[in-house]
Amino acid sequence: MPTIYDEFPYPGKAFGQTHPDHLATLALLFGMTPAPAEQCRVLELGCGDGGNVIPMAFGLPRSCFTGIDLAGSAIARGQKIIDELHLTNIRLQQFDVMDLSADFGEFDYIIAHGLYSWVPPEVRERILEIAKSRLAANGVAFISYNAYPGGHLRQTLREMMLFHTRNISGARERVKGARELLEFLVQSHPEQDAYSMFLRFEVEALLERKPECFYHDELEEHNHRFYFHEFIADAARHDLQYLSETRLLNMQSGVFPPETSDKINALSQDDDIVREQYLDFLKLRNFRQTLLCHAGIALNRSPNSECVAQLSVTSQARPSSAEPDVRSTAAEEFNFPKSGKMSTNHPLAKAAILHLGRIWPQAVPFIELLRTARNLSGRDDPSAGAPIVEDSNWLSDMVLRLFAADFLELCVHASKFASTVSDRPAASPLVHAQVRASLNITNLRHASISLDDEAARHLLLMLDGTRDRQQLLAELRSHLAPAEVTAGQLERKLEELAQMAVLVA
Ligand SMILES: C[S@@+](CC[C@H](N)C(=O)[O-])C[C@H]1O[C@@H](n2cnc3c(N)ncnc32)[C@H](O)[C@@H]1O
């Protein structure tokens, strides 16, 4: 029977935070021995059109992927891409979570993104049952959900939108009606009082959503929210325990003054669940992406910096000064496009961050980063008296702190892509298939990228490794005529695409 997701399709996309390598990295840091992403088994519940699980299967050919979803049309869209890419390590099936049995096998990673809050209680129970019964001994389950207390704010708007659209039928028309109400509310409150600030804060984000996401995320019958402690208690009934959040930043109290952190520690009395619940109160958290594992696994509650030596590191750091001084103890400032800025005067830290920014988007193994940073900062000079073991310990601690602050990323296995443009550039076949099908585009680092520019989309389709610069320029000019394209513009566009990690050559 067609579902509302068949009538009004939800556009799939990749979520980097659900990628098995990210889950393996966190599991390793918290003391588990997870399956390597390069050879693992992944199940995604409510996978929609496979926008998340198909790029994973494409990037990890030795791993096996299963995606299930109730909406047959979404599964059919995903299957088309799978066929086009000749992927043999993935199966998508139209299937109800309620009917999933032991025949499906066992999985190292189970993902439920955008599902748990949008289904009735019996389906939520089943999701947790599956997360327990189908998860391998060292497996990790990812479940995202709307959270309280921040969810109260969104719920207030949802209740008003449901009332306003009570007599409207048709998903698209209901979205239109709901948006009109939101705009009316914002416009009617020009003054800077608490209510208008709340409206602006919540409504701006809502109005940016695509109509399909707006409808399914906000106006559907099921939209449930939970306090973190309630979710963890439900997981514990299924013999699952809390591992971590997918972003360590969300578990930090360091953004608050030290006395606030001290107070949280005193209130929580070493209970991590209670501690994070108080953090949710402080941060008015409205969404969580929680990792669970089997109860009984002994975890390090503080991430272990010794593991950092087994990992690779990436960062999009940009120094503020044109020629940062990485040899002295002068402070240097670095900017991170998604997470703000930081400054440090430690030569090893400055050299490491500078190097990461220079090689972005490529990842570097920690050991190589240590070697390069010691060399750039002059600390490998025997007269500098900086023993490598000391520097290694110091740098791994710092890398972990920067990871927890979202200033850099860690991975077990770095993804492969070309970050320089070859004579005959080639884009990933996955990107070609996604552009042709007008789907959201996923790069080779499992991130969704936006490419609204029609010329760039056309250029991507031409990048199949057969055309040199002259041929690309000639074809682009004939496609875009009468607009002119210069060789310099083409080169810049190709470099941009390389920085987006969509090229394989
Ligand atoms: C909000 S969408 C999220 C899709 C995708 N996971 C994402 O986050 O973008 C929820 C998906 O769950 C699917 N779904 C809902 N109930 C389900 C069930 N009982 N069994 C399988 N899939 C279900 C819907 O068809 C829909 O594709």
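Residues numbered from 1 in each chain as written. Predicted model: local features only at pLDDT ≥ 70, side-chain atom pairs only at ≥ 80, totals over all residues. Heavy atoms only, no water.

With respect to the site of the ligand
- For the ligand, the set of nearby residues contains 16 residues, the closest of which are Gly46, Asp69, Asp96, Val97 and His113.
- Between aspartate 96 and the ligand, the recorded distance is 2.9 Å, taken from a side-chain N or O atom to a nitrogen atom.
- Taking 590 Å² as the accessible area of the ligand by itself, protein coverage stands at 94%.
- In terms of residue class, the shell around the ligand is built from 10 nonpolar, 4 polar and 2 charged. (Near = heavy atom within 4 Å. Polar contact = N/O pair within 3.5 Å; in protein donor to acceptor, adjacent residues only side chain to side chain. Areas by Shrake-Rupley, 256 points an atom, 1.4 Å probe, with all protein chains shown as cover. Nonpolar A, V, L, I, M, F, W, Y, C, P; charged D, E, K, R; others polar.)

What to know about the nonpolar core
- Counting 99 residues, the largest nonpolar core has Leu45, Ile127 and Val399 as its most contacted members.
- Counting residues domain by domain, this core receives three or more from each of domain 1 (4-149 + 227-294) and domain 3 (312-411).
- For valine 399, the contacting residues outside a window of four places in its chain are Val308, Val313, Phe366, Leu369, Leu408 and Leu410.
- Core analysis: the second largest hydrophobic core is formed by 23 residues, Val431, Val435, Leu459 and Leu460 among them. (Core = buried A, V, L, I, M, F, W, Y, C linked by side-chain atoms within 4.5 Å. Buried < 20%, exposed > 50% of the residue type's maximum accessible area, 1.4 Å probe, protein only. Domains from an automatic or database assignment. Contact = heavy atoms within 4.5 Å.)

Side note on unusual backbone geometry
- With an omega of 10 degrees, the peptide bond running from tyrosine 148 to proline 149 counts as cis.
- Summarising the element assignment, proline 149 is placed in the loop between β5 (135-147) and α6 (151-164).
- Cis peptide bonds are those with omega within 30 degrees of zero, and the linkage from tryptophan 360 to proline 361 qualifies with 5 degrees.
- With respect to the helices and strands, proline 361 occurs in the loop between α13 (347-359) and β13 (364-365).
- One non-glycine residue, histidine 86, adopts positive backbone phi at about 55 degrees.
- Relative to the helices and strands, histidine 86 resides in the loop between α4 (72-85) and β3 (90-94).
- Histidine 86 gets classed as exposed once you look at its relative accessible area, which sits at 65%. (Helix = DSSP H or I, 4+ residues; strand = E, 2+ residues; numbered from the N terminus.)

Some words on the packing of helix α17 (residues 454-462) against helix α18 (residues 469-480)
- Put simply, α17 and α18 touch, their axes get as near as 11 Å, and they point 140 degrees apart. When the interaxial angle is binned, α17 and α18 end up oblique. For the pair α17 and α18, the crossing hand works out as right-handed. Contacts from Glu454, Ala455, His458, Leu459 and Met462 in α17 reach Leu472, Glu475, Leu476, His479 and Leu480 in α18.
- Here the residues of the contact of α17 with α18 are counted per class, giving 6 nonpolar, 2 polar and 2 charged. (Axes fitted to C-alpha atoms, helices over the stretch in contact; angles between N-to-C directions. Parallel < 35°, antiparallel > 145°, perpendicular 65-115°, else oblique. Left-handed = near helix turned anticlockwise from the far one by under 90°.)

Notes on α18
- Helix length check: α18, at 12 residues, gives a terminal C-alpha distance of 16 Å against a target of 16 Å (1.5 Å per residue), a fit within 8%.
- Within α18, the full set of buried residues consists of Leu472, Leu473 and Leu476. Down the axis, α18 shows its buried residues gathered within 95 degrees of arc, on one side only. In α18, the exposed positions that point more than 90 degrees away from the buried face belong to Gln470 and Ser478.
- Buried-residue contacts for α18 involve α17 and α19 (487-499).
- N-capping of α18 is provided by aspartate 468, with a side-chain oxygen placed 3.2 Å from the backbone N of glutamine 470. (Expected span 1.5 Å × (residues − 1). Arc of directions from axis to C-beta.)

Things to note about the domain arrangement of the protein
- Looking at the protein, the domain boundaries give domain 1 (4-149 + 227-294), domain 2 (151-219), domain 3 (312-411) and domain 4 (429-499).
- Computed from C-alpha atoms alone, the centre-to-centre distance between domain 1 and domain 2 is 27 Å.
- With 14 residues of domain 1 at the contact, the number on the domain 2 side is 15 residues.
- When the area that domain 1 buries against domain 2 is broken down by residue, the three leading residues are Phe8, Tyr10 and Tyr148, summing to 46%.
- Where domain 1 meets domain 2, there are 0 salt bridges.
- Across the contact surface, domain 1 and domain 2 share 9 residue pairs in polar contact (both at pLDDT 80 or more).
- Tallied by class, the residues present in the side of domain 1 that touches domain 2 amount to 12 nonpolar, 1 polar and 1 charged. (Buried area = accessible area lost by both parts, 1.4 Å probe. Salt bridge = Lys/Arg side-chain N within 4 Å of Asp/Glu carboxyl O.)

Things to note about the pairing of strand β7 (residues 240-245)
- The buried fraction of β7 amounts to 6 of the 6 residues, a majority that puts the element mostly inside the structure.
- Of the pairings in the sheet, the one linking β7 to strand β8 (residues 287-294) comprises 5 bridges and is antiparallel in character. Counted as the bridge partner of glutamate 245 is threonine 290 from β8. (Pairing = 2+ DSSP bridges.)

As for the sheet that holds strand β11 (residues 332-336)
- The 3 strands lie next to each other as β10-β11-β12, forming an open sheet whose pairing is antiparallel. The open sheet has two edge strands, β10 (318-319) and β12 (340-344), and neither has a second partner.
- Alignment of β11 against β12, held across 5 bridges, turns out to be antiparallel. When the sheet's bridge partners are listed, glutamate 333 is paired in β12 with serine 343.
- Taken strand by strand, α13 contacts β10, β11 and β12, and its axis lies near 35 degrees from that of β11.

A word on the pairing of strand β2 (residues 64-69)
- For β2, a buried count of 5 out of 6 residues is recorded, marking the element as mostly surrounded by other parts of the structure.
- One ladder, built from 5 bridges, connects strand β1 (residues 41-45) with β2; its direction is parallel. Counterpart to arginine 41 in the pairing with β2 is cysteine 64.
- In terms of strand pairing, β2 meets β3 through 5 bridges, oriented parallel. Each residue of the ladder has a partner; that of isoleucine 68, found in β3, is glutamine 93.

Things to note about the state of the cysteines
- Inspection of the entire model under this criterion finds 0 disulfides.
- Cysteine 64 forms no disulfide, and the closest cysteine sulfur to it belongs to cysteine 40, at a distance of 8.4 Å.
- Residue classification places cysteine 64 among the partly exposed residues on the basis of a relative accessible area of 45%.
- Between cysteine 213, a free cysteine, and cysteine 47, which holds the nearest cysteine sulfur, the sulfur-to-sulfur gap is 16 Å. (Disulfide = S-S within 2.5 Å.)

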